[in-house]
Amino acid sequence: MADLKLYDPFSKMQFTDEHCFLCGITITTADRTPVFGEWMQKKYNLENKELLLLDKSITTFSQLTIPCCNQCHTNYILPLEEEIEKASEADYEGIKLLDPKRLFQWIGKMYYGTLVTELIREKDPLIMPENPVSENPQMLGKFRTFYQVLQSLRVPMVFSDFQPCSLFILQVEPTEDNLPFEYQDELSTMAFSIKLGPVVIVCKLLDNGIISKAMGRMYKLIESRQLHPIQVAEFKAQVFYAAYIFNVVPDYFIRTIKPDDKQLVLDTLIDDVTNEVFNPWEPVAYAHMLEEMLKPWSIREQQILADPTRLLTFLTDEKGEFKTIEHFAQ
Ligand SMILES: [Zn+2]
């Protein structure tokens with residue numbers, strides 16, 4: 001019988017360097033796996049690149065590792081990294097062909113890796129974060145739900161009729177693109193983006209694809225286009241803002257396991273009766289998010305809001321058609 005038992009580190013808050021992040025078995029502090037695949041660190045020269053943690057301490061991509069037993073590292077993490085590495089060799093076409101579930105697991109591992117690092121650090125009495133994640137029951141509940149579906153990385157699992165996230169894959173026009181790699185994630189809103197050469201993957205975890213549907217028209221318009229970096233930044237702002245106003249957490253239910261089952265089947269439900277799925281869309285708050293994303297081009301909030309009937313956009317023209325931008329000039 002396949003081992004279909006899920007692990008729940010949240011029930012005992014078992015976040016230590018002595019427990020595998022994926023299966024929970026006791027390990028030594030030497031058993032670790034990198035949050036960012038080694039192939040990616042090498043390919044994009046990230047080893048010594050700095051990363052800012054939530055408590056404002058600085059680490060590097062190569063130093064960011066999480067507790068992981070040999071079994072999980074060899075059987076689940078390495079094959080996943082290899083699959084993504086291979087796909088990324090063919091850039092957009094390769095990434096596009098990946099099973100969305102594998103992309104979800106890959107992104108989920110990096111996201112959860114940063115989260116686990118935070119939770120382990122919060123146990124250190126010398127580190128006193130202002131708003132510890134481990135003392136926020138609402139956030140912990142959300143992370144715990146997310147961890148259920150992330151375990152599809154180890155435990156064979158079928159999502160009955162949903163993807164646990166929204167995924168967008170964009171391609172960047174090379175002329176004014178000088179950023180080989182970029183990474184951004186927001187712990188509380190579960191918005192994530194990563195740039196691998198000319199491909200940008202934007203993701204909102206744990207929304208069951210609702211943002212994908214809500215942004216379907218815009219995504220269709222830009223999906224097969226070569227985008228100017230400023231257009232990528234704007235699209236990212238839209239997804240990150242949608243993640244910010246996203247207001248529900250799905251519930252996942254495991255179907256009863258029969259003795260010869262080889263995988264778990266998960267059903268899902270979103271309670272959109274008690275809560276609205278999205279909080280209201282606020283132009284000023286969105287403009288603020290867009291301003292953040294457009295920092296490299298020094299575009300200010302006032303410019304974004306100048307015409308209240310039509311906020312500044314680089315993606316579409318007045319008719320709502322896709323706008324090609326090869327060179328950006330203010
Ligand atoms: Zn393990």
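Scoring rules and cut-offs
Residues numbered from 1 in each chain as written. Predicted model: local features only at pLDDT ≥ 70, side-chain atom pairs only at ≥ 80, totals over all residues. Helix = DSSP H or I, 4+ residues; strand = E, 2+ residues; numbered from the N terminus. Contact = placed C-beta atoms within 7 Å. Pairing = 2+ DSSP bridges. Axes fitted to C-alpha atoms, helices over the stretch in contact; angles between N-to-C directions. Parallel < 35°, antiparallel > 145°, perpendicular 65-115°, else oblique. Left-handed = near helix turned anticlockwise from the far one by under 90°. Nonpolar A, V, L, I, M, F, W, Y, C, P; charged D, E, K, R; others polar. Core = buried A, V, L, I, M, F, W, Y, C linked by C-beta atoms within 7 Å. Buried ≥ 20, exposed ≤ 12 C-beta atoms within 10 Å, placed from the backbone. Domains from an automatic or database assignment.

The name that an unreviewed UniProt entry assigns to the protein chain is HNH endonuclease, with the source organism given as Pontibacter populi.

**Some thoughts on the environment of Cys23**
One can find Cys23 in the segment before strand E1 (32–34). Linking Cys23 and Asp161, residues 138 residues apart in sequence, is a C-alpha distance of 26 Å. Apart from the residues within four sequence positions on either side, Cys23 is in contact with Tyr7, Cys69, Cys72 and Arg154.

**Points about the environment of Ile127**
Among the structural elements, Ile127 can be located in the loop between helix H4 (100–122) and helix H5 (137–150). Residues Ile127 and Leu4, spaced 123 residues apart in sequence, show a C-alpha to C-alpha distance of 36 Å. Here Ile127 is in contact with Asp55, Arg121 and Glu122, once residues within four sequence places are set aside.

**Some details on the sheet that holds strand E9 (residues 199–205)**
Strand order across the open sheet formed by five strands is E7-E8-E9-E6-E10, with mixed pairing between neighbours. The open sheet is flanked by strand E7 (181–186) and strand E10 (226–227), the only strands paired with a single partner. Here six bridges tie strand E8 (residues 191–196) to E9, and the two strands are oriented antiparallel to one another. Bridging from a neighbouring strand, Ala191 pairs with Lys204 of E9. Relative to E9, H4 is tilted by about 75 degrees, and along the sheet it contacts strand E6 (165–172), E7, E8 and E9.

**Thoughts on the packing of H4 against H5**
Two numbers describe how H4 lies on H5: the axes approach to 11 Å, and their chain directions differ by 140 degrees. Put simply, H4 runs oblique to H5. Where H4 crosses over H5, the two elements pack in a sense that is left-handed. Between H4, through Gln105, Gly108, Tyr112 and Leu115, and H5, the contact on the second element is made entirely by Phe143, Tyr147 and Leu150. Of the residues contributing to the contact of H4 with H5, the split by class is five nonpolar, two polar and no charged.

**Quick notes on the nonpolar core**
Judged by nonpolar contacts, the single largest core of 77 residues is most densely connected at Leu170 and Val239. Residues from two domains meet in this core; each of domain 1 (1–159) and domain 2 (162–330) gives at least three. With sequence-adjacent residues up to four places away left out, Val239 is seen in contact with Phe168, Ala191, Val202, Lys204, Ile211 and Met215.

**Re the packing of helix H8 (residues 229–245) against helix H9 (residues 283–293)**
Axis separation between H8 and H9 bottoms out at 9 Å; the angle between their running directions is 135 degrees. The orientation of H8 relative to H9 falls into the category oblique. For the pair H8 and H9, the sense of crossing is right-handed. Between H8, through Ala233, Glu234, Lys236, Ala237, Phe240, Tyr241 and Tyr244, and H9, the contact on the second element is made entirely by Tyr286, Met289, Leu290 and Met293. Residue composition of the contact of H8 with H9, grouped by class: nine nonpolar, no polar and two charged.

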